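Below are the chains, spelled out letter by letter.
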Amino acid sequence: EIHEPEEVSVWFREGSSCCQETLARNQRFTETPVNMPGADKETDLSERIESFLSELKRCGSGAGSLRGSAETARETTALLRRITAQARWGNAGELMEIIRKEGRRMTAAQPSETTVGNMIRRVLKIIREEYARSRGSSEETDQQESLHKLLTSGGSSEDNFRQHFTHLKANVIEAINELLTELEGTTDNISMQALEHIHSNEVIMTIGRSRTVEAFLKDAARKRKFHVIVAECAPFCQGHEMATSLCKEDIETTVIPDAAIFAVMSRVNKVIIGTQTVLANGGLRAVNGTHTLALAAKHHSTPLIVCAPMFKLSPQFPNEEDTFHKFVSPHEVLPFTEGEILSKVNAHCPVFDYVPPELITLFISNIGGNAPSYIYRLMSELYHPEDHEL
Amino acid sequence: SNVCHVAAPDLAATSRPRKADKDEEEKPLQAVLVADSFNRRFFPITKDQPRALLPLANVSMIDYTLEFLTSTGVQETFVFCCWMASKIKEHLQKSKWCRPTSPNVVHVITSDLYRSLGDVLRDVDAKALVRSDFLLVYGDVVSNIDVSQALQEHKQRRSMDKNVSVMTMIFKESPPGHKTRCEDDDIIVAMDGKSKRILHYQRAQALKKLHFPMVRCLEVGSDEFEIRFDLLDCHISICSPQVAELFTDNFDYQTKNDFVRGLLVNEEILGNQIHMHVTRDGYGARVSNLLMYDTVSSDTIRRWIYPITPEANFADQEGQSCTHSRHNVYREPGVSLGHGSQMEENVLIGRNTVIGANCTISNTVIGANCVIGDNVTLDRAYIWNRVHIADNVKVKQSVICDNVEVKHGVVLSEQCVLAYNVVVGPDITLPEGTVLSMHHPDEEDDEDEDEFLSDDNDVGYSKDKTKQKVFNPAEVGSEGKGYRWKSSSLDDTEEDELAECIWGLALSADPESDSESEVSEGSHDLGSHPASPELDDVKVFQNEVHGTLQRGLDENISCDNLVLEINSLKYAYNISLKEVMQILMRVVLEFPFQQQGAQISTAQYSSHLLPLLKKWAPVFKNYVKRPQDQLDCLASMEEVFLECETHWAVLMSMYQLEILEEEGIMHWFNQGSTTDKSQQLRRNQGLLKFIKWLQEAEESSEGDE
């Protein structure tokens, strides 16, 4: 940290000035230090990364994490912007390497929180695009890589990212800011579409508590009267909170136990659920009990609609066993106070279900409705194929 | 003592406001971590490695404690070490806690002079390390409790009640019979139901009968109080800086138990209170013996301590990230499993460990770089690093430390311990509870006190020494290396208890054998725990007087000699004359109760007491001379008779024997009383009659003159 090349310090000064520009646009991050010496900035950055990592590790002792995944996505992106602004890099290749390195740590800290990985991939894609734009080549050609091209190009194309562009940093930060703005608006964009899907006097079923679905239903309730049945989603019973929240908006709400899902399904017009992750094959990794719900809906031919913002789209496939599941403390299943029985039985408390794509009718994302079969296409638009593995 | 700041407190890092919303005045939360157990429970394992560094699910125990502290918001931790301090320091320097980015700044403070928790806290006070409320934990506490709520309650109580509450102890609800309950630590707690104030705290182990000071509970004047036996002491307490000061003031406090009991006994005098917090969701336990080690390990594997789980790699060690799959099977990278081997359930296998064919593994933790042969059966085995296990070995509920070699055909029965570098086998069956170590058990006696001061050099030295002694092939097998630490099946020596203690009390056949180890921790089982040395002497003196009188009765010793003996006792225990009198009175009055039981009738009582009084009247007369003496005597009598007022007839005989005089009695009677009870006593019919008779006798005698 003592021996500092001249070139790098130049970059720093520029970096902080871009920071100032972006700050003016985004008031939330005004506490960014402006005239900080380089070394101090570095420690500040790594400190922030550390605290984010430890927060990730701890987040969510229950089923749903303490904060929504939207918030995690925003925080990740804001941190990546900070890394872009404050870390030392000379060209796009170096920056991508830094982000990839930190990204690997972040995803390892909480593998079940896929939004973190998704946002890292989005930012990597942004850097690729900005680099391509700076070079003057159209991003479209990069995007549309044919099979032939993939086959012949062989090794990584990162050798091409070594060129130095003065405005790259500013451009990348600009693009990340756009991404942040997009993230801010996802829930609104989804709930705006509510009236197209929910009609008067319909019976809607949902499970557990999804902030997106909650906003979606509340938006529809402003114009229409309908009935919501909430499956409580034991053992954490987030369904109870959902029902309370819906009641406050004067929506007629019924809470049912998970075991009654099938029995009640025949009365339901539509099932609207949220999800933790949308997998690459169009399947879901959603809260426990969703598979039951989806199968019941299929049996009764009830349409199953999934409200999922784009940042939940993950290039992960359901066979990646190690990170797919998440088991939390069995406390909710069999309380610690039970005593002797605990040493005689194994109690497990899994959090997620896999829902295969054929059970899903429609995805509603912030950019509109899509069928599960279209997910692969969205995936290739959002992420660069080389970034699937961080 | 030498203070070493491993992570120099990064001024830039600490001074920067970590969270903008935090109150400026709010001081960072501090913690005192005692990385020493101050007992030898884990001997012989802890001869080579301090307890805090022993691996639990492949992570050192101290890392769990530090992770708990950090996640609960502690920003500065003082780690106190004594036994093998250099090893702990080295470990911490390498760990993530000492990186400049760590949110929890760790200072290591070492001294060879610490002998107990009391010493550590006295040093905390002497060095003025803590500025406000701090957490006090041991280096072997595993927990995921969020103490913020308890901390808030604690602060609220202190701000409301002018710092009366000095400590909040954290408990976890777990009913008797729960696996995570440590039998050594079974406690009975009485508390005020509303304010959560602890009224009585007592260890319950091996107690058949429990004396319970109801008086103290009633004095508090609370509407409801609870007596609970379903609590597990998490050994986490929120202390105010006063706690350290109190330890300094009371140099005889050694353990937390001493402190809590001392504080409760002297509550009226010092005006300090202790409160408690019972956590609902969190997990907290202390690894205080190997049975607890077994339990806590299995709880970790079964994810009770989520989010502290093996795959979380919270210690952030390279290459230790493991995967979690069905039935709680965890694998670190580089594990190879032979054909036909099964990891049934609750298994954790460390990196680069090789397991042979057709093995059955369940409820087991295996460390890094181990080699395990074919047809091995492991159940509840805790195998540490670089262990070699050959073919056809069976292990049940045992601990196998680093670098141990188990040759083929060995069977380890339950609760065996193979300490560092031991070699066992081939083809030998170790009986239940075998403890093998490269250290000879006799070293123990040679070094004794120096043991605590010794460090790594000493270990090397003792190894040389052990080479002169011969390994017993019957104990460790024909190619084995190691000495057997005697188990309870043999004679009753000191080592026997140590070996027993390593697995806790659950197995020990007779509870008496525990007393030894308990005394070393400075705790007493009985309710009559001395609050101060002074009280102690009075108690002993009373017993001595009782013994003397009993002997006097049995051997018919003359009153003069009795007086002589009591006088010599008086000087031996430094008791004032007034106390001698009162104690003497009490002992004599209680004599019939002790001989005949407390339920005897008034008539029986008097018939027993009268001959004694007659016999010992000269003894009394020797002490009761001045009018003030008579008053003291009567006060003592009053104290005894508060409970059984019908026995007041004795007063009459005392008068007749001329031990007490009329003026004295009248003076005492007219003096008035302070409490309701003694007032009631004065209204006793028999007593009133006697007083009336006295008055009449006085008048008539006056009339005669």
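Here, every reference points to the structure presented above.
In this text, all values refer to a predicted model and were calculated from it rather than measured experimentally.

Overview of the packing of helix H3 (residues 69-86) of chain A against helix H4 (residues 92-109) of chain A
Residue and element names in this part refer to chain A.
- Between H3 and H4, whose axes approach to 10 Å, the crossing angle comes to 145 degrees. As H3 packs across H4, the resulting crossing turns out to be right-handed. In this structure, H3 contributes Thr 76, Leu 79, Leu 80, Ile 83 and Thr 84 to the contact, and H4 contributes Leu 95, Ile 98, Ile 99, Glu 102 and Met 106.
- Per-class residue counts for the contact of H3 with H4 are 7 nonpolar, 2 polar and 1 charged.

Quick word on the sheet that holds strand S10 (residues 187-192) of chain B
All names here are of chain B.
- If you walk across this open sheet you meet the 3 strands as S11-S10-S12, and the pairing is antiparallel. Two strands close off the open sheet at either side, each with one partner strand: strand S11 (198-203) and strand S12 (225-228). For this sheet, the mean angle separating the axes of adjacent strands, direction not counted, is 5 degrees.
- Sheet topology note: the S10/S11 ladder contains 5 bridges and is antiparallel. Within the sheet, the bridge partner assigned to Met 191 lies in S11 and is Ile 198.

Side note on the sheet that holds strand S18 (residues 336-337) of chain B
All names here are of chain B.
- Ordered by their spatial adjacency, 6 strands build an open sheet running S18-S21-S24-S26-S28-S31, and the pairing between neighbours is parallel. Only two strands of the sheet have a single partner each, and these edge strands are S18 and strand S31 (423-424).
- As paired elements, strand S26 (residues 388-389) and strand S28 (residues 405-406) share 2 bridges and run parallel to each other. Its bridge partner lying in S28, His 388 is registered against Glu 405.

Details of the side chain of B:Asp123
Residues and elements named next belong to chain B.
- Mapped onto the elements, Asp 123 comes out in helix H4 (residues 117-127).
- Judged by its relative accessible area of 15%, Asp 123 falls in the buried class.
- Residues in contact with Asp 123, not counting those within four places in the same chain, are Phe 80, Ile 109 and Tyr 114.

Some details on helix H7 (residues 241-249) of chain B
- Among the residues making up H7(B), those that are buried are B:Pro241, B:Gln242, B:Val243, B:Ala244, B:Leu246 and B:Phe247.
- Where H7(B) is buried, its residues meet H4, strand S7 (134-138), helix H5 (148-160), strand S9 (165-173), strand S13 (231-239) and helix H8 (256-265) of chain B.

Notes on the packing of helix H18 (residues 577-596) of chain B against helix H20 (residues 627-641) of chain B
Residue and element names in this part refer to chain B.
- Close contact between H18 and H20 brings their axes to 9 Å; oriented N to C, the two are set at 40 degrees. Between H18 and H20, the crossing angle belongs to the class labelled oblique. In this structure, H18 meets H20 at a crossing whose hand is right-handed. Residue-level contacts link Lys 578, Met 581, Gln 582, Met 585, Arg 586, Leu 589 and Glu 590 of H18 to Asp 629, Asp 632, Cys 633, Ala 635, Ser 636, Met 637, Glu 639, Val 640 and Phe 641 of H20.
- Across the contact of H18 with H20, the residue classes tally to 8 nonpolar, 2 polar and 6 charged.

The rules behind the values
- Residues numbered from 1 in each chain as written.
- Chains lettered and ligands numbered in written order.
- Predicted model: local features only at pLDDT ≥ 70, side-chain atom pairs only at ≥ 80, totals over all residues.
- Heavy atoms only, no water.
- Axes fitted to C-alpha atoms, helices over the stretch in contact; angles between N-to-C directions.
- Helix = DSSP H or I, 4+ residues; strand = E, 2+ residues; numbered from the N terminus.
- Left-handed = near helix turned anticlockwise from the far one by under 90°.
- Contact = heavy atoms within 4.5 Å.
- Nonpolar A, V, L, I, M, F, W, Y, C, P; charged D, E, K, R; others polar.
- Pairing = 2+ DSSP bridges.
- Buried < 20%, exposed > 50% of the residue type's maximum accessible area, 1.4 Å probe, protein only.
- Parallel < 35°, antiparallel > 145°, perpendicular 65-115°, else oblique.

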